[in-house]
Amino acid sequence: MANNNDSKHTTTYWKQLLADELHDFLYFFIPKLARIIDYTHAPVFLDTPANVLELNPERPQHNLLLQVLNKDQEKILLLLTLEYGGYDNRKFEQQLFRDLTATLESVDYALPVVSFVLFLANSIPASINGYEYEMLDTQIRMNQPNYAVREQYFDDLWEFKNPMTFVVASSRMAIETKEHPSIRLEKKKELLQRLLSRFERGQIQRDTLLHILEFVAHLLPLDSKHEAQFQTELINTLYDHTGIETADKTSIIQAMNE
C-alpha cells in the first residue's frame with residue numbers, strides 16, 4: 001500500500017476516517033469493543049507517549065491512540081497500529097509489544113488498552129502470531145487481534161453492508177494496482193459505481209459517502225492521462241444516477257478532487 005515516503009500522509013487519512021466514522025469502523029474491525037462504546041462522545045486522540053505515536057515515514061508501523069468512553073462512562077484506550085512493512089518488517093512483534101507496554105506505563109496501568117493491527121502491505125510480517133518471551137519460568141505471551149486487507153476477496157467484501165467494506169476494498173486495490181494504472185482506473189470506476197448505487201438506494205449516508213470518497217481519492221491516485229479518463233467517467237456516472245440530487249453530485253465531485 002503506502003511506501004515509506006507516503007505512509008505518514010496515509011496514516012493521517014486513516015486518523016480522519018476513524019474520527020469521522022468511529023461507529024462503522026469499530027463495528028467492522030473490532031465488534032467486541034464497538035458494542036460497549038458510548039458514541040455520543042467524540043473520540044479523543046492522544047499525543048503521548050511520543051515515542052509510540054511519532055509518525056516517522058521510516059518506521060514500518062504507525063500507531064494511533066484514541067480515548068473513548070464505554071456506556072458506563074469509563075475510559076478505554078484503543079492503540080491502533082497501521083502496519084506498512086509486510087514480510088520485511090522482521091521486528092513487528094517486538095515493536096508492538098514495546099508500544100503496548102509503553103502505552104500502559106504512560107497511564108500507570110490505570111486504563112484498559114485495546115490493541116488492534118491493520119496490515120496494509122502486500123504481505124504480512126512473519127511474526128504475525130504475536131510476541132513471546134520465555135526465560136526459565138518467566139514467560140510472556142501477547143496475542144493481538146488483526147486484519148489483513150491483502151487477504152480479503154472483493155466478492156466477499158461487496159456482500160457487507162458496513163461502508164468500511166469500501167475502505168478495505170480500496171486498500172487492497174492500492175496494493176494490487178500500484179504498477180498497473182489501467183487496472184487501477186477500472187477498479188476505481190467500479191468502486192465509485194458501487195458506492196453511488198448504495199447512496200442512491202439510501203444504504204449509505206451522505207457524510208459517510210463523502211468521507212470514504214476523500215479516502216479513496218488519496219489511496220488510489222492516477223497519472224494525468226488516467227485521471228482525465230476517470231474525471232470523465234465520474235461526470236458520466238453522476239449523470240446516469242438521476243436519483244442523486246444536484247447538490248450532492250457537486251459535493252461528490254469535490255470529495256474526489258480534494
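That block above? That's the structure.
Below, the structure is looked at part by part. On a predicted model such as this, the values are computed, not experimentally measured, just so you know. (Residues numbered from 1 in each chain as written. Predicted model: local features only at pLDDT ≥ 70, side-chain atom pairs only at ≥ 80, totals over all residues. Heavy atoms only, no water.)

## Looking at the overall build of the protein chain
Along its length, the protein chain carries 11 helices and 7 strands. Taken over the C-alpha trace, the protein chain has a radius of gyration of 19 Å; the compact-globule value for 258 residues is 18 Å, and the two agree within 12%. With respect to the three principal axes, the spread of C-alpha positions in the protein chain is 65 × 45 × 30 Å. By residue count, 52% of the 258 residues in the protein chain fall in the buried class. When contacts within the protein chain are restricted to residue pairs at least 6 apart in sequence, those whose partners lie at least 24 apart make up 66%. Summed over all atoms, the accessible surface of the protein chain reaches about 13,200 Å², with 48% contributed by carbon and sulfur. Both charge centroids of the protein chain, one from 25 positive and one from 37 negative side chains, sit 3 Å from each other. (Helix = DSSP H or I, 4+ residues; strand = E, 2+ residues; numbered from the N terminus. Rg over C-alpha atoms; globule rule 2.2 N^0.38 Å. Buried < 20%, exposed > 50% of the residue type's maximum accessible area, 1.4 Å probe, protein only. Contact = heavy atoms within 4.5 Å. Areas by Shrake-Rupley, 256 points an atom, 1.4 Å probe, with all protein chains shown as cover. Lys, Arg positive; Asp, Glu negative; His and termini not counted. Charge placed at Lys NZ, Arg CZ, Asp CG, Glu CD.)

## Some points on the nonpolar core
With 59 residues, the main nonpolar core has Trp14, Phe25, Leu26, Phe29, Leu118, Tyr147 and Ile252 as its most contacted residues. Counting 19 residues, the second largest nonpolar core, distinct from the first, contains Leu65, Phe92, Leu100 and Phe119. (Core = buried A, V, L, I, M, F, W, Y, C linked by side-chain atoms within 4.5 Å.)

## What about the packing of aromatic side chains?
Applying the stated rule across the entire model yields 12 aromatic pairs. Taken together, a centroid distance of 6.5 Å and an interplanar angle of 80 degrees make the contact between Trp14 and Phe25 edge-to-face. Residue Trp14 is located in helix H1 (residues 7-20), and its partner Phe25 is located in helix H2 (residues 22-29); the two are separated by 11 residues in the primary sequence. Through successive ring pairs, a cluster of aromatic residues spans Trp14, Phe25, Phe28, Phe29, Phe116, Tyr147, Phe160 and Phe215. One cation-aromatic arrangement involves Arg172 over Phe154; the distance from NZ or CZ to the ring centre is 5.2 Å. Between the NZ or CZ atom of Lys188 and the centre of the ring of Phe230, over which it lies, the distance is 4.6 Å. (Phe/Tyr/Trp six-rings, centres within 6.5 Å; stacked < 30°, edge-to-face > 60°. Lys NZ or Arg CZ within 6 Å of the ring centre and 35° of its normal.)

## Let's talk about the pairing of strand E3 (residues 75-83)
Most of E3 sits out of view: 8 of its 9 residues are buried. Two strands pair when backbone bridges link them, and strand E2 (residues 61-69) and E3 are joined in this way by 9 bridges, in the antiparallel orientation. Across the sheet, Gln61 pairs through a bridge with Glu83, a residue of E3. Hairpin geometry of E2 and E3 is characterised by an intervening segment of 5 residues between the two adjacent antiparallel strands and by a positive phi of about 65 degrees at Gln73. Strand direction decides the pairing type here: E3 and strand E4 (residues 113-119), joined by 7 bridges, are parallel. By the bridge assignment, Leu79 is partnered in E4 with Ser115. Note that the unit made of E3, helix H5 (residues 92-106) and E4 has a crossover that is right-handed. (Pairing = 2+ DSSP bridges. Right-handed = clockwise from strand over helix to strand, strands pointing away.)

## A word on the environment of Pro31
Note on placement: Pro31 falls in helix H3 (residues 31-34). A relative accessible area of 32% means that Pro31 is categorised as partly exposed. For the pair Pro31 and Phe45, spaced 14 residues apart in sequence, the C-alpha separation works out to 20 Å.

## Side note on helix H9 (residues 206-219)
Given 3.6 residues to a turn, an α-helix orients residues that are three or four positions apart in the same direction. An ideal rise of 1.5 Å per residue puts 20 Å on 14 residues; H9 measures up with 20 Å between its terminal C-alpha atoms. Within H9, 11 of the 14 residues are buried, leaving the element largely enclosed by the surrounding structure. Listed in full, the buried residues belonging to H9 are Thr208, Leu209, Leu210, His211, Ile212, Leu213, Phe215, Val216, Ala217, His218 and Leu219. Buried-residue contacts for H9 involve H1, H2, helix H7 (164-176), helix H8 (181-200) and helix H11 (246-255). (Expected span 1.5 Å × (residues − 1).)

## Overview of the sheet that holds strand E7 (residues 146-148)
If you walk across this open sheet you meet the 5 strands as E1-E2-E3-E4-E7, and the pairing is mixed. Each end of this open sheet is capped by a strand with a single partner; those strands are strand E1 (44-45) and E7. Contacts between H1 and the sheet are confined to E1, E2, E3 and E4, with E2 contributing the most and set at about 15 degrees to the helix. (Axes fitted to C-alpha atoms, helices over the stretch in contact; angles between N-to-C directions.)

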